[in-house]
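As a plain string of letters, each chain reads:
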Amino acid sequence: MGLFGTIKTFFALRKNLVKELEAIKERETRYPIMTTDELAALGDEELFEAVNVRTENKVDSFEELAEGFNALNDSQKVFYALNWLEMEVNNGGLCQFFVNSSRVAAPFVSEYMSVVGADAHKKLFDDFIKKNNINVTELSFFDIEKIEEFEEKAEEYPFDDYDEAYYEMEPLETYLKKYIRKHVADF
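Fair warning: this is a prediction, and the values are worked out from it, not measured in the lab.

A. Expanded view of helix 8 (residues 119-131). The first and last C-alpha atoms of helix 8 sit 18 Å apart over 13 residues, in line with the 18 Å expected at 1.5 Å per residue. All of the buried residues in helix 8 are His121, Leu124, Phe125, Phe128 and Ile129. Angularly, the buried residues of helix 8 cover 125° about the axis, an arc narrow enough to put them on a single face. Turned more than 90 degrees from where helix 8 packs its buried face, Asp119, Lys123, Lys130 and Lys131 sit exposed. On its buried side, helix 8 packs onto helix 6 (94-99), helix 7 (109-116), helix 10 (159-167) and helix 11 (172-182). Trailing helix 8 by a residue or two, asparagine 133 shows a phi angle of about 50°, which is positive.

In structure tokens form, the structure reads like this:
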């Protein structure tokens, strides 16, 4: 492919990216105003995305994450806590979940895994917490300022072992999709 072909490919990719970004923006404006019946009519993937947008919008409407989390109803809390755990573990591991502000949901993770039926995930999480004497209700030990501090925390605990075992399991998203479908009126 010559220079002209490369330029043509670049502009085609750019055009597709712009279209996708416009579609995302449209969905993010549409999801918050959908009725329960409209939500229920969505496929599982889009329903998951809609619930994510709706709960994030609700939490983000508060100045403090903890206030936003506490403003959610029970079903929204289950979704929010487990979805953030899933995102953090898949992005940077369990250590990242404890270090980031998402840790506000940490005290509820075990209970919520039971709620959605993710029993193997619950066992992995509970065993890790117990074995490493981590108090999920008081995670100020994981307050960090610098990347070096993150690295120290990651070395201090066997997070890699947890993360590797987690990656071998069915994604929590699978359980969350079933949970959302059963509780769609709560979102």
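B. Structural context of the packing of helix 3 (residues 44-60) against helix 11. The geometry of helix 3 relative to helix 11 is characterised by a closest axis approach of 10 Å and an angle of 85° between their N-to-C directions. With respect to each other, helix 3 and helix 11 are oriented roughly perpendicular. Contacts from Asp44, Glu45, Leu47, Phe48 and Val51 of helix 3 reach helix 11 at Glu173, Leu176, Lys177, Ile180 and Arg181. Class assignment of the residues belonging to the contact of helix 3 with helix 11 gives a composition of five nonpolar, no polar and five charged.

About the thresholds
- Residues numbered from 1 in each chain as written.
- Predicted model: local features only at pLDDT ≥ 70, side-chain atom pairs only at ≥ 80, totals over all residues.
- Heavy atoms only, no water.
- Helix = DSSP H or I, 4+ residues; strand = E, 2+ residues; numbered from the N terminus.
- Expected span 1.5 Å × (residues − 1).
- Buried < 20%, exposed > 50% of the residue type's maximum accessible area, 1.4 Å probe, protein only.
- Arc of directions from axis to C-beta.
- Contact = heavy atoms within 4.5 Å.
- Axes fitted to C-alpha atoms, helices over the stretch in contact; angles between N-to-C directions.
- Parallel < 35°, antiparallel > 145°, perpendicular 65-115°, else oblique.
- Nonpolar A, V, L, I, M, F, W, Y, C, P; charged D, E, K, R; others polar.

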